[in-house]
Amino acid sequence: MNVVTNNKWIGQRTIRPDGMDKVTGRAQFAADTNMPGMIWGKVLRSPHPHARIKSINTAKAEALPGVKAVVTARDIVDFPIANGAVMLGIQDMRWMCRNVMAREKVLFPGHPVAAVAATSEAIAAEACALIEVDYEVLPWAIEIEDAIKPDAPILHEFNKFEGKVSNIAGRLENKKGDIAEGFKKADLVIERTFTTRPVHQGYIEPHACLISVAPDGKTTIWSSSQGQFMVRAMTAYLTGIPQSDIRAIPAEIGGGFGGKTIVYLEPLATLLAKKSGRPVKMVMTREEVMRATGPTSGSKSTVKIGVTKDGKIVAAHGTFYLQAGAFPGSPIRGAAGCSFTPYDIPHLLSEGYDVCSNRSKVAAYRAPGAPIGAYAVECVLDELAEALKMDPLDFRLKNAAKEGTKAAHGPVFPRIGYIETIEAAKASDHYKAPLGKLQGRGVASGFWFNAGGESSAQVNITEDGNVVVTTGHPDIGGSRAGIANICAELLGIDYRRVSVIIGDTQTIGFSNLTGGSRVLFASSIVVTQSTEKIIHTLRERAAKIWEIDPEAVKWEDGAAHPVSPNAGQFPPLTLKDLAEKAPAMGGPIGAGVQLNTQGADGGFGTHICDVEVDVDLGIARVIRYTAVQDVGRAIHPGYVEGQLQGGVAQGIGWALNEEYIYTKEGKVDNPGFLDYRMPVCSDLPMIDCIMVEVPNPKHPQGVKGVGEVPLVPVMAAVSNAIYNALGKRFYSLPMSPPKVLEVIDAPAPRQAAE
Amino acid sequence: MTELRYLAPNSLDEAVSAFAAAGSAGRILAGGTDLLVQMRAGVVKPGLIVDIKKIAEMTAIEETADGGFRIGAAVSGMALHDHAKFGKVWPGVLEAVNLIGSKQVQGRASAGGNLCNGSPAGDSVPAMVAAGAIVTVQGPNGRREMPVEQVPAGPGRTNFKPGEILVSFTLPPRPKGSSDAYLRMIPRTEMDIAVVGLGVSLTLKDGVCTAARVGLGAVAPTVLLVEAASKALIGSKLDDAALNAAAAACSAACRPIDDKRGTIAYRTKVAGVLLKRTTAIAAQRAKRN
Amino acid sequence: MAKVHVSTTINGEPMEFLCEPNDTMLDALRGPLGLTGSKEGCASGDCGACSITLDDHLVCSCLMLAVESTGHEIRTIEGMAKGDQLHPLQQKFLEMAALQCGICTSGMLVASDALLKRNPKPSEEEVRFWLAGNLCRCTGYDKIVRAVMDTAAEMRAQ
């Protein structure tokens, strides 16, 4: 494939197509629309962390004036546990059907038990309070330690691990060589254990949907999600309505970060709409979002790395326990698969354990699992570098994965840009800048798989010679801008003549969800191929007009030209000219392509973080930050930087102040933005980005996924910086002021190094 | 569902009689930045809301005859900030009021609401206590005054009698060489509830501290007036020994809880740290007056 | 509950609506008034996505009762542009990629506008502390702060 290097539009900071609506308040998010006759849905949620549901009586709720429908688990399609897994992407429908509404048991406070639709939100809420649920309260366990103890309360009696009923739902490993042999060769071995708390994706827009079901079952879903095809499929599975009868329209989405790659409300609202015959709107409150939608896993990781005295890593062993919450499915693949991947390690064992416990089911969060694993590994690497008296970046350089390195999770790396990120970090002004009193600097690297996957696009030329591109993925990062840049570049026309829209499940072909840093990668492949087909058609039509061979026609700067003066002296035929002639020349000019895109490669980043610590109050503040990343090709630099900066900000929150706090009764104690402490504007410095471009040779424009890598190195970078400032290491997150002060004040013994 | 009535009277008498008549179903609305959150959470379900913002006395900022200030109970943080003189005379009270919430919240939130909400962590209260503010209250039995530190009765409760409405804060005239300061410890840089809040108001004459009051918040069921800290400061030149003693007095006065915002040990230590820092700022400001 | 009739002024135009006595101004804007540009992120005054101005004071619309708007001037994001003429802040946000998902953008713009009206020459620190009540999860705030400061400089130059 040709890597396009012409940069009239590619690489330019164009205005995003959806921007005008967003700055004027016109953009339609899921909670912004209304339909005539619309009523409101509310969910009744479990007050208990763990209980058997003995009975549910909805009679009083149904009798309340204004109530139009009530739904319980009986109305939702069952996926019996005994029948085995039914997979939709990475989600098992047996868990999904129980997550959207509890069946036999409630497994966390906030677990939906019933739903009501009524003529006002207040009436729906009142009706929920009238539903009588008879619970048999059971003992519960939330933290990993508590869930894996021998006498732990068991969430799923059918689940066995190593022959015993257990809350451990699964294990995976990535292996290379023989670690026993490898550690024998090490001159220095360091083993450390790290814990992290669950943290929420923190999107500012709560989940919302508006759903209408006609008497013939034709269903229209308008919702905030990272995948309208996922919404259609999940809703079809859980309600029994055929997919072809469901039109799932993606609203503008107010943040997702992985947390909106599953459904919570849509199946419930669909059933309420079906039963009541009215469109039903459901919007979560912030409290519902925090209690009942997946944060990511809390974790306990043990990492052991052995090096020779000249700094070569010879062996590594990582054990990562991740909290899955109420149902199996924590991101152990990311933790085990990504944490060691930036390094060429001959002997490696990386194990992940999936632990169920009585909190909400985990949902994907930006490079799921990888930030947790990288936190542990990158902190141990920092200790090793210090013990070896090596600069931490040089230490990474010495062990860096490169083209030909075999990663433990399987692939052999093609041309990658990891070394370039380390070198750029070393060469940066930041890395050379002096530090003041009580200031420290830390570095860390990270890797994420990135995905390709199915994508569909339709490119059509309008009658007036402009372009409409329809793609299939919700835009959470600025992909519409990137697509417009690419399409304009290929056609050689002004960017403003290209309109990019996101189709719904009935107007565009199947496209996998927005996640895995894949949208621009995948959609630009199909848009490119569609546009190339159009260019082929345009050349053919020009050739017909000029009565020459299509091979003698080239497309350049928005027009067809003869390839050389020998081919003929014809004035160019522009897109507008050919569009006008289209009806007489064979019809509309357009093309669509659907593919399961291949060639996505992982991404690498290296970060530098400076902190300043107030040692009397234990407050660490990030005062300078530089994120270096191999971005492949920055189609729209502003939005690539935006991904880096956003990921860094989330990581700083995760490192310093974000955590789920539970009461003694097992409920979330901080289900709001007041006490779930995400970074505010005054908490952060400017976040500098260095974009290293090593184009992906398997992509027409050299694109690599960029969105998830930025979160991976951050917590370790911050932790290593605090160590550099204070001379004290931290082995748990968040490094909030009381914890920092405790470490500063106490002469805590360090964990043993061999 | 409870029927809710909203009233916005123009006179204090009207407000008092409606509020008194409503009994426990009545709530006063100034900025609403606590009340509306509590209503949305279902913690409070009022039958009558009395909006006091149309009552002139409630929103006025006046200099009193003896050179002090009288601030209406419903004066917002922004309005206090925009007053030409107040912040120069009472920078600590001003900064305390303007640490409540965000800029949006400061556009509405009032010292009166902050006090009456009864949170042990309310930012304005330690500064008002340090300032020696006197509150004026009006109820069915008429008007009375009390020192601000006597108002909080416990988390969410005041010592007002049924039907009484807070009318204003009166701050005393400032002798030469006086100023105040307020600091709080929060984990982020903004938007958090104080883990510890501390206000100091003092007077310096020829480098010697002749008067001092210390208000300490978020470390006990009510905001504390730490007299032992004052005693340690008064008569000293704010040297290390005096500051250490005052800091120790603040730590000793703490009766905090472990909660999602801080631990007992942490709060106790931070109270001492804040005393020193706040006193230093107040002293620096006082030297300029 | 019987509904209340409210008369107020929104973006310079007289408006009337019916609402419940306990509806917030945000409920009224997004409901009977159909002005959905102000967003609900938390309903507790912690995120700023619902920011509006009340008599030129920056406030959270989720923290005032709709009935309180009687006799006052409310301004929302919908009133920031004049016809098809964007406010300089809106234009700058677009040019500098100071938005991604857009859910915080309405509140950020209203808050930034309120800042520049009070302080035409804010420092970076002043911008950051002024916007502390507007949460953003996508951008890390960097480009937003730059856009506000660049706009301030441009507006001063005019």
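These numbers were taken from a predicted model, which means no experiment stands behind them.

Parameters and conventions
- Residues numbered from 1 in each chain as written.
- Chains lettered and ligands numbered in written order.
- Predicted model: local features only at pLDDT ≥ 70, side-chain atom pairs only at ≥ 80, totals over all residues.
- Heavy atoms only, no water.
- Helix = DSSP H or I, 4+ residues; strand = E, 2+ residues; numbered from the N terminus.
- Rg over C-alpha atoms; globule rule 2.2 N^0.38 Å.
- Buried < 20%, exposed > 50% of the residue type's maximum accessible area, 1.4 Å probe, protein only.
- Contact = heavy atoms within 4.5 Å.
- Areas by Shrake-Rupley, 256 points an atom, 1.4 Å probe, with all protein chains shown as cover.
- Lys, Arg positive; Asp, Glu negative; His and termini not counted.
- Charge placed at Lys NZ, Arg CZ, Asp CG, Glu CD.
- Pairing = 2+ DSSP bridges.
- Axes fitted to C-alpha atoms, helices over the stretch in contact; angles between N-to-C directions.
- Domains from an automatic or database assignment.
- Buried area = accessible area lost by both parts, 1.4 Å probe.
- Salt bridge = Lys/Arg side-chain N within 4 Å of Asp/Glu carboxyl O.
- Polar contact = N/O pair within 3.5 Å; in protein donor to acceptor, adjacent residues only side chain to side chain.
- Expected span 1.5 Å × (residues − 1).
- Nonpolar A, V, L, I, M, F, W, Y, C, P; charged D, E, K, R; others polar.

## Here's the deal with the overall build of chain A
Here comes step 1: The helix and strand inventory of chain A stands at 20 helices and 30 strands.
Here comes step 2: Relative to the 2.2 N^0.38 estimate, which gives 27 Å for 754 residues, the radius of gyration of chain A is 27 Å and therefore close to what a compact globule would have.
Here comes step 3: Within chain A, the proportion of its 754 residues that are buried is 65%.
Here comes step 4: Put simply, 79% of the contacts in chain A that link residues at least 6 apart link residues at least 24 apart.
Here comes step 5: Carbon and sulfur atoms provide 52% of the accessible area of chain A, an area that totals close to 25500 Å².
Here comes step 6: In chain A, the 77 positive side-chain charges and the 80 negative ones have mean positions that sit 2 Å from each other.

## Looking at the side chain of A:Glu288
All names here are of chain A.
Here comes step 1: Tracing the chain through its elements places Glu 288 in helix H9 (residues 286-292).
Here comes step 2: A relative accessible area of 13% means that Glu 288 is categorised as buried.
Here comes step 3: Those residues in contact with Glu 288 that lie beyond four places of it in its chain are Val 43, Arg 45, Val 283 and Thr 293.

## Concerning the sheet that holds strand E14 (residues 219-223) of chain A
Strands pair in a sheet through their backbones, by hydrogen bonds, and they do so in one of two ways: parallel or antiparallel.
All names here are of chain A.
Here comes step 1: Sheet architecture is open: seven strands sit in the order E3-E7-E1-E16-E13-E14-E15, paired in mixed fashion. At either margin of the open sheet sits one strand with a lone partner, and together these are strand E3 (67-72) and strand E15 (246-250). Across the sheet, the mean angle from the axis of one strand to that of its neighbour is 20°, orientation sign disregarded.
Here comes step 2: Relative to strand E7 (residues 112-118), E3 is paired through five bridges, and the arrangement is antiparallel. Note on E7: the bridge partner recorded for Val 71 is Ala 115.
Here comes step 3: Its contacts with the sheet place helix H7 (residues 228-239) against E14 and E15, and it is angled at close to 145° to E15.

## A short note on the domain arrangement of chain B
Residues and elements named next belong to chain B.
Here comes step 1: Looking at the assigned domains, one finds that chain B contains domain 1 (5-119 + 133-171) and domain 2 (178-288).
Here comes step 2: Of note, the centres of domain 1 and domain 2, computed from C-alpha atoms alone, are 25 Å apart.
Here comes step 3: Facing the 15 residues of domain 1 at the interface are 13 residues of domain 2.
Here comes step 4: Buried area between domain 1 and domain 2, both sides added, is near 1200 Å², and the carbon and sulfur share of it is 54%.
Here comes step 5: If you sort the residues of domain 1 by the area they bury against domain 2, Glu 95, Leu 99 and Glu 149 come out on top, with a joint share of 39%.
Here comes step 6: Linking domain 1 to domain 2 there are two salt bridges.
Here comes step 7: In this structure, Arg 213 and Glu 149 form a salt bridge, with 3.1 Å as the shortest nitrogen-oxygen distance.
Here comes step 8: Across the contact surface, domain 1 and domain 2 share six residue pairs in polar contact (both at pLDDT 80 or more).

## Description of the interface of chain C and chain B
Here comes step 1: At the interface, 31 residues of chain C touch 28 residues of chain B.
Here comes step 2: Taken together, the two surfaces of chain C and chain B that pack against each other cover about 2400 Å², and 64% of this comes from carbon and sulfur.
Here comes step 3: Counting every contact that joins chain C to chain B gives four salt bridges.
Here comes step 4: Linking C:Glu68 and B:Arg108 is a salt bridge whose minimum nitrogen-to-oxygen distance equals 2.7 Å.
Here comes step 5: Counting every contact that joins chain C to chain B gives seven residue pairs in polar contact (both at pLDDT 80 or more).
Here comes step 6: Elements represented by at least two residues in the side of chain C that touches chain B include exactly strand E3 (51-54), strand E4 (57-60), helix H3 (105-118) and helix H4 (124-130) of chain C.
Here comes step 7: Among the elements that make up the side of chain C that touches chain B, the one with the highest residue count is E4(C) (four residues).

## Re H7(A)
All names here are of chain A.
Here comes step 1: For H7, which comprises 12 residues, the first-to-last C-alpha distance of 16 Å matches the rise-based estimate of 16 Å (1.5 Å per residue) to within 8%.
Here comes step 2: Of all 12 residues in H7, 11 are buried, a share of seventy percent or more.
Here comes step 3: Among the residues trailing H7, Gly 240 stands out with phi positive, at a value near 85°.

## Topic: the pattern of salt bridges
Residues and elements named next belong to chain A.
Here comes step 1: A complete count under the given rule lists 76 salt bridges over all chains for this structure.
Here comes step 2: Taking the shortest distance from any N to any O, the salt bridge between Arg 192 and Glu 383 comes out at 2.8 Å. Of the two residues, Arg 192 is situated in strand E12 (residues 188-196) and Glu 383 in helix H11 (residues 370-388); the sequence distance between them amounts to 191 residues.
Here comes step 3: Between Asp 675 and Arg 677 there is a salt bridge; the shortest N-O distance is 3.4 Å.
Here comes step 4: Among the charged side chains, a salt-bridge network with shared partners connects Arg 16, Asp 18, Lys 22, Glu 252, Asp 475 and Arg 480.

## Some thoughts on the interface of chain C and chain A
Here comes step 1: The interface is formed by 41 residues belonging to chain C together with 52 residues belonging to chain A.
Here comes step 2: Buried surface at the junction of chain C and chain A, summed over both partners, amounts to about 3900 Å²; 60% is from carbon and sulfur atoms.
Here comes step 3: The largest share of the area that chain C buries against chain A comes from C:Leu94, C:Gln100 and C:Arg137, three residues that together contribute 22% of it.
Here comes step 4: Along the contact surface separating chain C from chain A lie five salt bridges.
Here comes step 5: Its salt-bridge partner being A:Asp32, residue C:Lys39 comes within 2.6 Å of it at the nearest N-O pair.
Here comes step 6: On the surface where chain C and chain A come into contact, there are 22 residue pairs in polar contact (both at pLDDT 80 or more).
Here comes step 7: Contributing elements (two or more residues each) for the side of chain C that touches chain A: helix H2 (88-95), H3, H4 and helix H5 (142-157) of chain C.
Here comes step 8: A breakdown of the residues in the side of chain C that touches chain A according to their chemical character gives 19 nonpolar, 10 polar and 12 charged.

## Some details on the sheet that holds strand E4 (residues 61-63) of chain B
Residues and elements named next belong to chain B.
Here comes step 1: Pairing in this open sheet of five strands is antiparallel, and the strands run E4-E5-E10-E6-E7 from one edge to the other. Strands at the two margins of the open sheet, each flanked by one partner only, are E4 and strand E7 (142-147). Each adjacent strand pair in this sheet contributes to an overall mean axis angle of 20°, direction not counted.
Here comes step 2: Summarising the sheet, strand E6 (residues 134-139) and E7 pair through six bridges and their orientation is antiparallel. Directly across from Val 137, in E7, lies its bridge partner Arg 144.

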